[in-house]
Amino acid sequence: MNTRINFAGIKMKNPVTVASGTFGYGREFHNFFDLSKLGGIITKGTSLKPRSGNKPPRICETASGILNSIGLQNPGIEYFAQNDLPFLKKFDTAIIVNACGSTVDEYVELCKILNKLDIDGVELNLSCPNVKAGCMAFGNTYDGVKEITSKVRKVLDKPLIVKLTPNVTDIASIAKGAEDAGADGVSLINTLLGMKIDIHTRKPILANNTGGLSGPAVKPVAIRMVYQVSQAVNIPILGMGGIINGEDAIEFMLAGATAISIGAGNFIDPYTSINTISEIKNYMIKNNIENINDIIGKVQIN
Ligand SMILES: Cc1cc2nc3c(=O)[nH]c(=O)nc-3n(C[C@H](O)[C@H](O)[C@H](O)COP(=O)(O)O)c2cc1C
């Protein structure tokens, strides 16, 4: 049985990765299982300088999901390179750094540093507000995505994956901006903008008022977007949004994802990612699938 895949030039022993911001830099999970079992680890969003994030409360539960407004808290790239990367390198798994910034220049400077590190690839989080463009997310327009991707492409020789925001009208045309600018792959979806109000205090639960929704609640939206993007671009897709088991993972792959990420599912059960790997293998055995690559994009549209 072959579960190996090649996602955007990154070789993985299976298609299962853990999503940015839900697995830290791996330390919180390595006592539960051997991280080498994972196809890859996508790090917490990392910026040029340390960021303290938003005020708490920053996370709350919703029906079949969670809302978060962490605000990209992270120790900065220098700390990561000195302390977290050596830890992650102990494991035989692909290391992809999720990169975030507030200006195009910040992304470019960060990616110059990332280019020199011993990592397998970079995932560019374009859901961050661009402080020089009215705080509109970089990923909201074709032109915005194309501009930042091409500037980063010039300084980054490693595999470049552009992470798309679902808070747009036509995600397929925006994915094209990443492809046209030379990205090796796209990942989707990031969280859907949401809000929850405490009816007793009449105040929003999150200190930031709004936050990003993820977990099983968003899965049908994510599947639809992965399918639409797969029809629009020729670069591979890392699919995510509500995956908590092998069946969910297979659904994403049929929709067109080459690899998948598990996010909120890691909070429900720390073993979700490795259980998903076993469940994918069970599905392959039951359905006589010898090579996992054979199911990518094989949804049979009515
Ligand atoms: C607490 C939390 C923190 C997150 N932080 C990041 C981040 O730093 N960068 C990023 O690109 N996505 C971040 N995400 C989004 C996830 O990587 C993923 O795209 C999204 O949650 C959908 O997957 P899920 O439904 O499996 O959680 C975060 C999600 C959560 C729940």
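Shown above is the structure to which this text applies.
First, a word on scope: everything that follows refers to the structure included in this document. (Residues numbered from 1 in each chain as written. Predicted model: local features only at pLDDT ≥ 70, side-chain atom pairs only at ≥ 80, totals over all residues. Heavy atoms only, no water.)

## Describing helix α3 (residues 142–155)
And step 1. A rise of 1.5 Å per residue sets the reference length of α3, with its 14 residues, at 20 Å; its end C-alpha atoms lie 21 Å apart and thus fit the reference within 8%.
And step 2. Among the residues making up α3, those that are buried are G144, V145, I148, T149, V152, R153 and V155. Buried positions in α3, seen along its axis, are confined to an arc of 160° and lie on one side of it. In α3, those exposed residues whose orientation departs by more than 90 degrees from the buried face are D143 and K154.
And step 3. Looking at the packing, one finds that the buried side of α3 touches α2 (104–116), β8 (121–125), β11 (160–163) and α4 (171–180). (Helix = DSSP H or I, 4+ residues; strand = E, 2+ residues; numbered from the N terminus. Expected span 1.5 Å × (residues − 1). Buried < 20%, exposed > 50% of the residue type's maximum accessible area, 1.4 Å probe, protein only. Arc of directions from axis to C-beta. Contact = heavy atoms within 4.5 Å.)

## So, the site of the ligand
And step 1. The full set close to the ligand counts 24 residues, and S20, K163, G215, G242 and A264 are the nearest of them.
And step 2. Between N125 and the ligand, the recorded distance is 3.2 Å, taken from a side-chain N or O atom to an oxygen atom.
And step 3. Measuring from an oxygen atom of the ligand, one finds a backbone N or O atom of G242 at 2.7 Å.
And step 4. Contact with the protein chains covers 97% of the free accessible surface of the ligand, which is 600 Å².
And step 5. Of the residues that constitute the shell around the ligand, the class distribution is eight nonpolar, 14 polar and two charged. (Near = heavy atom within 4 Å. Polar contact = N/O pair within 3.5 Å; in protein donor to acceptor, adjacent residues only side chain to side chain. Areas by Shrake-Rupley, 256 points an atom, 1.4 Å probe, with all protein chains shown as cover. Nonpolar A, V, L, I, M, F, W, Y, C, P; charged D, E, K, R; others polar.)

## A word on the state of the cysteines
And step 1. Here the structure, examined in full by the defined rule, presents zero disulfides.
And step 2. As a non-bridged cysteine, C128 has C100 as the owner of its nearest cysteine sulfur, 4.9 Å distant. (Disulfide = S-S within 2.5 Å.)

## Some points on the packing of aromatic side chains
And step 1. Counted according to the given criterion, the structure contains eight aromatic pairs.
And step 2. Plain terms: the ring middles of Y25 and F80 are 5.4 Å apart, the flat faces sit at 40° to each other, and that makes the pair tilted. One end of the pair, Y25, is in the loop between β3 (16–18) and β4 (40–42); the other, F80, is in helix α1 (residues 77–88), and 55 residues separate them in sequence.
And step 3. Their ring planes at 50° and their centres at 6.4 Å tell us that F29 and F32 sit as a pair that is tilted.
And step 4. Judged by its relative accessible area of 40%, F32 is partly exposed.
And step 5. These aromatic residues form a ring-pair network of at least three members: F23, F29, F32, F33 and Y271. (Phe/Tyr/Trp six-rings, centres within 6.5 Å; stacked < 30°, edge-to-face > 60°.)

## Focus on the environment of A133
And step 1. The topology assignment puts A133 in the loop between β9 (129–130) and β10 (136–137).
And step 2. For A133, a relative accessible area of 40% corresponds to the partly exposed category.
And step 3. Once the C-alpha coordinates of A133 and E147 are considered, the two residues, 14 residues apart in sequence, prove to be 13 Å apart.

## Notes on the nonpolar core
And step 1. If you look at the biggest cluster of nonpolar residues, it comprises 89 residues, and the most contacted ones within it are L114, L124, V162, V186, L188 and I260.
And step 2. Per element, the largest residue contribution to this core is six residues, and it comes from α2. (Core = buried A, V, L, I, M, F, W, Y, C linked by side-chain atoms within 4.5 Å.)

## A short note on the sheet that holds β4
Hydrogen bonds between backbone groups are what pair the strands of a sheet, and the pairing can be parallel or antiparallel.
And step 1. Pairing is parallel around the closed barrel formed by eight strands, whose spatial order is β3-β4-β7-β8-β11-β12-β17-β18. When the angles between neighbouring strand axes are averaged without regard to direction, this sheet yields 25°.
And step 2. Docked against the sheet, helix α8 (residues 272–286) engages β3 and β18 (259–262), running at close to 170° with respect to β3. (Pairing = 2+ DSSP bridges. Axes fitted to C-alpha atoms, helices over the stretch in contact; angles between N-to-C directions.)

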